[in-house]
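Observations on chain architecture
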Amino acid sequence: HSDIADDLESVLITEQEIRDKIAELARRIEADYAGERLLLVGVLRGAVMVMADLARELSLPIEMDWMAVSSYGSGTQSSGVVRILKDLDTDLHGRKVLIVEDIIDSGLTLSWLRANLGTRGADSVEICALLRKPAAAKLAVDVRYVGFEIPNAFVVGYGLDYAEKYRNYRDIGILAPHVYSSQ
Ligand code: PRP
Ligand code: MN
Ligand code: MG
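Predicted, not measured: the structure shown is a model, and the values here were computed from it.

**Brief notes about the overall build of the chain**
In terms of helices and strands, the chain carries five helices and nine strands. Reading the chain from its N end, one meets helices and strands in the order β-α-β-α-β-β-β-α-β-α-β-β-β-α. Computed over C-alpha atoms, the radius of gyration of the chain comes to 16 Å, within 12% of the 16 Å expected from 2.2 N^0.38 for 183 residues, which places it in the range of a compact globule. A principal-axis box enclosing the C-alpha atoms of the chain has dimensions of 50 × 35 × 30 Å. A separation of at least 24 residues holds for 64% of the contacts in the chain among residues at least 6 apart in sequence.

What follows is the structure, encoded as structure tokens:
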């Protein structure tokens, strides 16, 4: 018998705390984008849960599109390389764009993504990230909506994976070292 929780050292943020934070972010976004045609751009695959919950929490009429980029391999370290694996299907001209991410770790993915989307004629490109690690807080990339500032631990759950696992765990937890040190 094995359970996801066996691979976790501790729970960092509970499902309920996530829900409350998403509601809080949604109220700010509603106030900032009232009367606008907001396009949420989710970054596959980690942002799937945040997108689904944030979109349903918003009382604004929104549209959703998706991008897949890659900065990690299957390990825990950022490779420094960002590739577009799937581009948007939406024309950004005149649009208010809000990039939705699960986590900002090194900040590499988002600084690259914001610059890339910024060349496509959008009215504005802002960022909403549920989690932010300390390294990224120093970065020049301006993130309008941040859910939680978290310590420099390897976190999984609520969309976040380690080697594609744990995305369906409902809380956000810290991965136990035995999981990645044994590989
Ligand atoms: C993770 C995470 C962010 C990115 C953050 O995605 O979901 O998108 O890394 O890292 P950075 O700030 O150092 O660039 P990952 O590349 O693991 O792909 P995934 O979303 O499919 O898990
Ligand atoms: Mn991701
Ligand atoms: Mg990942």
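Further notes follow.
**Describing helix 1 (residues 15–32)**
The terminal C-alpha atoms of helix 1 lie 26 Å apart, and with 18 residues this matches the ideal 26 Å at 1.5 Å per residue to within 8%. Listed in full, the buried residues belonging to helix 1 are Ile18, Ile22, Leu25, Ala26 and Ile29. For helix 1, the buried positions fall inside an angular range of 110 degrees around the axis, keeping them on one side. Residues of helix 1 that are exposed and point over 90 degrees away from its buried face: Gln16, Asp20, Arg28 and Ala31. Buried residues along helix 1 sit in contact with strand 1 (8–13), helix 2 (48–57), strand 5 (96–104), strand 6 (124–132), strand 7 (145–149) and strand 9 (172–175).

**A short note on the sheet that holds strand 8 (residues 155–156)**
The pairing of strands in a sheet comes from backbone hydrogen bonds and takes either a parallel or an antiparallel form. Strand order across the open sheet formed by three strands is 1-9-8, with antiparallel pairing between neighbours. Strands at the two margins of the open sheet, each flanked by one partner only, are strand 1 and strand 8. The pairing of strand 8 with strand 9 spans two bridges and is antiparallel. Within strand 9, the position partnered with valine 155 by the bridge is isoleucine 174.

**Quick word on the nonpolar core**
Leu54, Leu98, Ile99, Val100 and Ala129 are the most contacted members of the largest nonpolar core, which has 42 residues in total. If you list the elements that add at least two residues to this core, you get helix 1, strand 2 (38–44), helix 2, strand 5, helix 3 (108–117), strand 6, strand 8 and strand 9. Once you skip the residues sitting within four places of it in the chain, alanine 129 turns out to touch Glu101, Ile103, Ile104, Val143, Val146 and Gly147.

**Quick look at the site of ligand 1**
Ligand 1 sits among 19 residues. The nearest are Arg45, Gly46, Asp105, Ser106 and Thr109. Take the shell around ligand 1: its biggest share by element is four residues, from strand 5. Partitioned by chemical class, the residues of the shell around ligand 1 number seven nonpolar, seven polar and five charged.

**Some words on the environment of phenylalanine 154**
In this structure, phenylalanine 154 sits in the loop between strand 7 and strand 8. In the structure, phenylalanine 154 is positioned 19 residues away from glycine 173 in sequence and 8.4 Å away in space, judged by C-alpha atoms.

**Concerning the confidence of the model for the chain**
Of all residues in the chain, 93% attain a pLDDT of 70 or more, and the chain-wide mean is 92. As a predicted assembly, this complex carries a pTM of 0.93 together with an ipTM value of 0.98.

**Regarding the packing of helix 1 against helix 2**
Closest axis-to-axis distance for the helix 1/helix 2 pair is 9 Å, and the angle between their directions is 55 degrees. Here helix 2 runs oblique to helix 1, going by the angle between their axes. Helix 2 is crossed by helix 1, and the crossing has right-handed handedness. Contact with helix 1, carried on its side by Ile22, Ala23, Leu25 and Ala26, involves Asp53, Leu54 and Glu57 of helix 2 and no other residues of that element. For the contact of helix 1 with helix 2, a count of residues per class yields five nonpolar, no polar and two charged.

**Side note on the pairing of strand 5**
In terms of burial, strand 5 is largely enclosed, as eight of its nine residues are buried. Looking at chain direction, strand 2 and strand 5 are connected through five bridges and run parallel. For leucine 39, the partnering residue across the bridge sits in strand 5 and is valine 97. Bridge analysis of strand 5 against strand 6 gives eight bridges, and the strand direction is parallel. Among the inter-strand pairings, isoleucine 99 is bridged to a residue of strand 6, identified as isoleucine 127. With helix 3 bridging strand 5 and its parallel neighbour strand 6, the resulting β-α-β unit is right-handed.

Definitions and cut-offs
Residues numbered from 1 in each chain as written. Chains lettered and ligands numbered in written order. Predicted model: local features only at pLDDT ≥ 70, side-chain atom pairs only at ≥ 80, totals over all residues. Helix = DSSP H or I, 4+ residues; strand = E, 2+ residues; numbered from the N terminus. Rg over C-alpha atoms; globule rule 2.2 N^0.38 Å. Contact = placed C-beta atoms within 7 Å. Expected span 1.5 Å × (residues − 1). Buried ≥ 20, exposed ≤ 12 C-beta atoms within 10 Å, placed from the backbone. Arc of directions from axis to C-beta. Pairing = 2+ DSSP bridges. Core = buried A, V, L, I, M, F, W, Y, C linked by C-beta atoms within 7 Å. Near = placed C-beta within 6 Å. Nonpolar A, V, L, I, M, F, W, Y, C, P; charged D, E, K, R; others polar. pLDDT = per-residue confidence, 0-100. Axes fitted to C-alpha atoms, helices over the stretch in contact; angles between N-to-C directions. Parallel < 35°, antiparallel > 145°, perpendicular 65-115°, else oblique. Left-handed = near helix turned anticlockwise from the far one by under 90°. Right-handed = clockwise from strand over helix to strand, strands pointing away.

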